[in-house]
Amino acid sequence: MSTLTALLSVSDKTGIVEFAQALHAQGIKLLSTGGTAKLLASAGLPVTEVSEITGFPEMLDGRVKTLHPRVHGGLLARRDVPEHMAALKEHGIGTIDLLIINLYPFAQATAKADCTLDDAIENIDIGGPAMLRAAAKNWQDVAVVIDPSDYPQVLAELKGQGLQRATKFKLAKKVFAHTAAYDGMITNYLTALEAGAEEKTAEVPVRAEYPDVFNLQLSKVQGMRYGENPHQSAAFYKEAKPVEGTLSQWTQIQGKELSFNNIADADAAWECVKAFDLPACVIVKHANPCGVAVGATLLEAYEKALKTDPTSAFGGIMAFNRPVDADVIEAINAHKQFVEVAMAPAFTPAARAAYAAKQNVRLLEVPLSKLSNPLDFKRESSANTLDFKRVGGGMLLQSADTIDIVGELKVVTKLQPTAQQLEDLRFAWTVARFVKSNAIVFCKDGMTFGVGAGQMSRLDSARIASIKAQAAGLSLAGTAVASDAFFPFRDGLDVVVDAGATCVIHPGGSMRDEEVIAAADERGIAMVLTGTRHFRH
């Protein structure tokens, strides 16, 4: 068997020396370029510079070093085509059997606040993608590695029966996804530059918030039995680098496979529960919170959240913002509450054991932070930066609704809210941000008492929230009410006050604000304006 040849040229040098040493130990000849070649040579490895086989030095500040027939011929020649091999022999070109490359760090460069257009352009890799595509096209004969996490498998197979056909094809597919994402990232950057950027390449260009062309790459995590309804097909996809603390980083530790609706509802619950600093429990049904509460402990938060609407909570999704212990699970079991999904930063061994008898219940651990011990707690800001909504033939993009309350609250009534009422109002306002519009939320003492969601009329949402509280046996006397948008007329205000509310928080901004404020004064309640609306469709 002829000696194999590997070409190594990496920006991310994680593990590259050890990988090259292992390749050398297998008798594989090493070719390299630039900084990678110097690093390998300094480690005592026998490495041949690519310039020695091309007959040309690296030139144009490194822009040209591998764009040469002696490189691309060695990558693209099919070993099973005699004419290809004869051409290589005629021109003295050797085959390249392994290509280990990752590309210039364009994302890291353009993320810097002082990145000029010149800096960005010089971080666009040309030779790297060309070699990657060449090797991946000829995957049957060339193994191409872009990710250090693939080094162990490649080495293991080389030490065994040789690289498997399935492995080489998997690596090739990974390459084309990578180069597509790389080009997409460059396109996103360049098409976001404002007019005139090309005239001032040495300056930091102004970037529009949304590029003219937007590329997004997602990787499939799992197929699903069906979508929102049984006649719809579905799959779940994940971003390459999801924001820390978001749902897609879950680990399922128990239960049946997650369904389309499970994931959608779990995201609603998780985004809501992350908004609280105190121990919190959120119960979601059909994308809306039906019970939210905070407490001194998770157990207290759970008991309070369940009281809001125990009927709707049946078959719901539960989220906790602290590690869950057995006492919470035992309380859930004592209430005989059927749960589709329970999620938390962690479940203690005792909690897992307490739920072990209900193997159909899906338990998800979702890290809130990068703490080494998941049983510790640290809440960090971890919201998606962009929100997407699919429409016929297109997509709506917007920044995520991550603002809770902007600036200082404005009291607009003669009656000032008490300290306790302000606390209740802030809690209600946080919950309202996660309730479908039109949203009306009654709260008191860190607990939801009634939730009206998704109605065409704010008046109907107010009535429904009151009805639900009555059905749960809860008195709304002395509650705080949050409305995700302004009251267009006083009638909605009258409904919540008639139900027992003594203070209200909403954005304001209606042409009838003065009429509604006057109604609040007439009814003897406190009213606070936020200046920020929280529609959720």
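Residues numbered from 1 in each chain as written. Predicted model: local features only at pLDDT ≥ 70, side-chain atom pairs only at ≥ 80, totals over all residues. Heavy atoms only, no water.

As annotated in an unreviewed UniProt entry, the protein carries the name Bifunctional purine biosynthesis protein PurH and comes from Ideonella azotifigens. For the record of the protein, the UniProt heading Sequence similarities (unreviewed entry) holds the text "Belongs to the PurH family." (UniProt positions renumbered as here; feature names shortened; annotations may be inferred.)

S.K.: So what's going on with the overall build of the protein? Which residues, and what values?
M.R.: A count of helices and strands for the protein gives 19 helices and 21 strands. Projected onto its principal axes, the C-alpha coordinates of the protein cover approximately 95 × 60 × 45 Å. When the 537 residues of the protein are sorted by exposure, 48% land in the buried category. Restricting the contact set of the protein to residue pairs at least 6 apart, pairs at least 24 apart contribute 59%. When the accessible area of the protein is evaluated, it comes to approximately 25,800 Å², of which 53% is carbon and sulfur surface. One finds the centroid of the 53 positive side-chain charges in the protein at a distance of 5 Å from the centroid of its 61 negative side-chain charges. (Helix = DSSP H or I, 4+ residues; strand = E, 2+ residues; numbered from the N terminus. Buried < 20%, exposed > 50% of the residue type's maximum accessible area, 1.4 Å probe, protein only. Contact = heavy atoms within 4.5 Å. Areas by Shrake-Rupley, 256 points an atom, 1.4 Å probe, with all protein chains shown as cover. Lys, Arg positive; Asp, Glu negative; His and termini not counted. Charge placed at Lys NZ, Arg CZ, Asp CG, Glu CD.)

S.K.: Requested: an account of the pattern of salt bridges, with residues and values cited.
M.R.: What the rule picks out here adds up to 16 salt bridges. With a closest N to O distance of 3.1 Å, Asp-494 and Arg-523 form a salt bridge. With Asp-494 in helix α18 (residues 490–499) and Arg-523 in helix α19 (residues 513–523), this pair connects stretches of sequence that are 29 residues apart. Residue Asp-494 is classed as buried on the basis of its relative accessible area of 16%. Shared partners join several salt bridges into a network, and the residues in it are Arg-490, Asp-494, Asp-498, Glu-522 and Arg-523. (Salt bridge = Lys/Arg side-chain N within 4 Å of Asp/Glu carboxyl O.)

S.K.: Talk me through the sheet that holds strand β8 (residues 251–254); I want residue IDs and the actual numbers.
M.R.: Sheet architecture is open: six strands sit in the order β8-β13-β12-β11-β9-β10, paired in mixed fashion. At either end of the open sheet lies a strand with only one pairing partner, and these are β8 and β10 (288–294). Neighbour-to-neighbour, the strand axes of this sheet turn through a mean angle of 20°, independent of strand direction. Here strand β9 (residues 280–285) pairs with strand β11 (residues 316–320) via four bridges, running antiparallel. Each bridged residue has a counterpart across the sheet, and for Val-282 the counterpart in β11 is Ala-319. The sheet strands contacting helix α12 (residues 298–308) are β9, β10 and β11, and the helix crosses β10 at an angle near 140°. (Pairing = 2+ DSSP bridges. Axes fitted to C-alpha atoms, helices over the stretch in contact; angles between N-to-C directions.)

S.K.: Just give me the short version of the packing of α12 against helix α14 (residues 326–334), but keep the residues and values in it.
M.R.: The interhelical angle for the contact between α12 and α14, taken along N-to-C directions, is 25°, at an axis separation of 9 Å. On the basis of their axis angle, the class for α12 and α14 is roughly parallel. α14 is crossed by α12, and the crossing has right-handed handedness. Residues Leu-298, Leu-299, Tyr-302 and Glu-303 of α12 form the contact with α14, whose own contacting residues are Asp-327, Val-328, Ala-331 and Ile-332. Across the contact of α12 with α14, the residue classes tally to six nonpolar, no polar and two charged. (Parallel < 35°, antiparallel > 145°, perpendicular 65-115°, else oblique. Left-handed = near helix turned anticlockwise from the far one by under 90°. Nonpolar A, V, L, I, M, F, W, Y, C, P; charged D, E, K, R; others polar.)

S.K.: Explain the packing of helix α8 (residues 127–137) against helix α10 (residues 165–190) residue by residue, including any values.
M.R.: Interhelical geometry of α8 versus α10 gives an angle of 150° and a closest axis separation of 9 Å. The orientation of α8 relative to α10 falls into the category roughly antiparallel. The element α8 and its partner α10 pack so that their crossing is left-handed. Along its contact with α8, which presents Pro-129, Leu-132, Arg-133, Ala-136 and Lys-137, the element α10 presents Ala-172, Val-175, Phe-176, His-178, Thr-179 and Tyr-182. Considering only residue class, the contact of α8 with α10 consists of seven nonpolar, two polar and two charged.

S.K.: Provide a residue-level description of the layout of surface pockets, including the pertinent values.
M.R.: Here the second largest pocket is characterised by a volume of approximately 470 Å³. Lining the second largest pocket are 26 residues, and of these Gly-62, Lys-65, Tyr-104, Asp-125 and Ile-126 sit closest to its centre. Counting residues per element, the lining of the second largest pocket draws most heavily on α8, which supplies three residues. Looking at the lining of the second largest pocket residue by residue, the class counts come to ten nonpolar, ten polar and six charged. (1 Å grid on protein atoms, 1.4 Å probe; cavity = no way out; pocket = protein on both sides within 12 Å on 5 of 7 lines; lining within 4 Å. Points joined across faces, edges and corners; volume = space filled by probe spheres on them.)

S.K.: Lay out α18 in plain terms, naming residues and giving numbers.
M.R.: Taken together, the buried positions of α18 are Gly-492, Leu-493, Asp-494, Val-495, Val-496 and Val-497. The inward-facing, buried residues of α18 contact β17 (440–443), α17 (458–471), β19 (480–483), β20 (503–506), α19 and β21 (526–529). Phi for Gly-500, located one or two positions after α18, is positive at around 130°.

S.K.: So, the environment of Thr-308: which residues are in play, and what are the values?
M.R.: Of note, Thr-308 is situated in helix α12. Thr-308 sits 207 residues away from Glu-515 along the chain, and the two C-alpha atoms are 32 Å apart. Other than its neighbours up to four places away in sequence, Thr-308 contacts Cys-290, Gly-291, Val-292, Met-447, Thr-448, Phe-449, Gly-450, Lys-468, Ala-472 and Leu-474.

S.K.: Give a description of the state of the cysteines that names residues and reports values.
M.R.: Think of a disulfide as a covalent bridge from one cysteine sulfur atom to another cysteine sulfur atom. For the structure shown, the criterion picks out zero disulfides. Cys-443 supplies the cysteine sulfur nearest to Cys-272, a cysteine that is in no disulfide, at a spacing of 10.0 Å. Under the relative-accessibility criterion, Cys-272 is labelled buried at 0%. The structure places no disulfide on Cys-281, whose sulfur is separated from the nearest cysteine sulfur, that of Cys-290, by 9.4 Å. (Disulfide = S-S within 2.5 Å.)

S.K.: Let's hear about the sheet that holds β17: which residues, and what values?
M.R.: Taking strand neighbours across the sheet as the criterion, the six strands line up as β16-β21-β20-β19-β17-β18 in an open arrangement whose pairing is mixed. The open sheet is flanked by β16 (410–411) and β18 (448–452), the only strands paired with a single partner. The sheet contact formed by β17 and β18 spans four bridges and is antiparallel. Following the sheet pairing, Ile-440 is matched in β18 by Gly-452. Against the sheet, α17 engages β17, β18 and β19, with an angle of about 140° to β18.

S.K.: Tell me about the environment of Gly-291, residues and numbers included.
M.R.: You can see Gly-291 is positioned in strand β10. Residues in contact with Gly-291, not counting those within four places in the same chain, are Cys-281, Val-282, Ile-283, Ala-305, Thr-308 and Thr-448.

S.K.: How would you sum up the nonpolar core? Please name residues and give values.
M.R.: Counting 51 residues, the largest nonpolar core has Phe-320, Val-324, Ile-332, Phe-442, Leu-493 and Val-496 as its most contacted members. Aside from chain neighbours lying at most four places away, what touches Val-496 is Ile-440, Phe-442, Ala-462, Val-481, Ala-501 and Val-504. Residues Ile-263, Val-284, Phe-434 and Val-528 belong to the second largest nonpolar core, which totals 47 residues. (Core = buried A, V, L, I, M, F, W, Y, C linked by side-chain atoms within 4.5 Å.)

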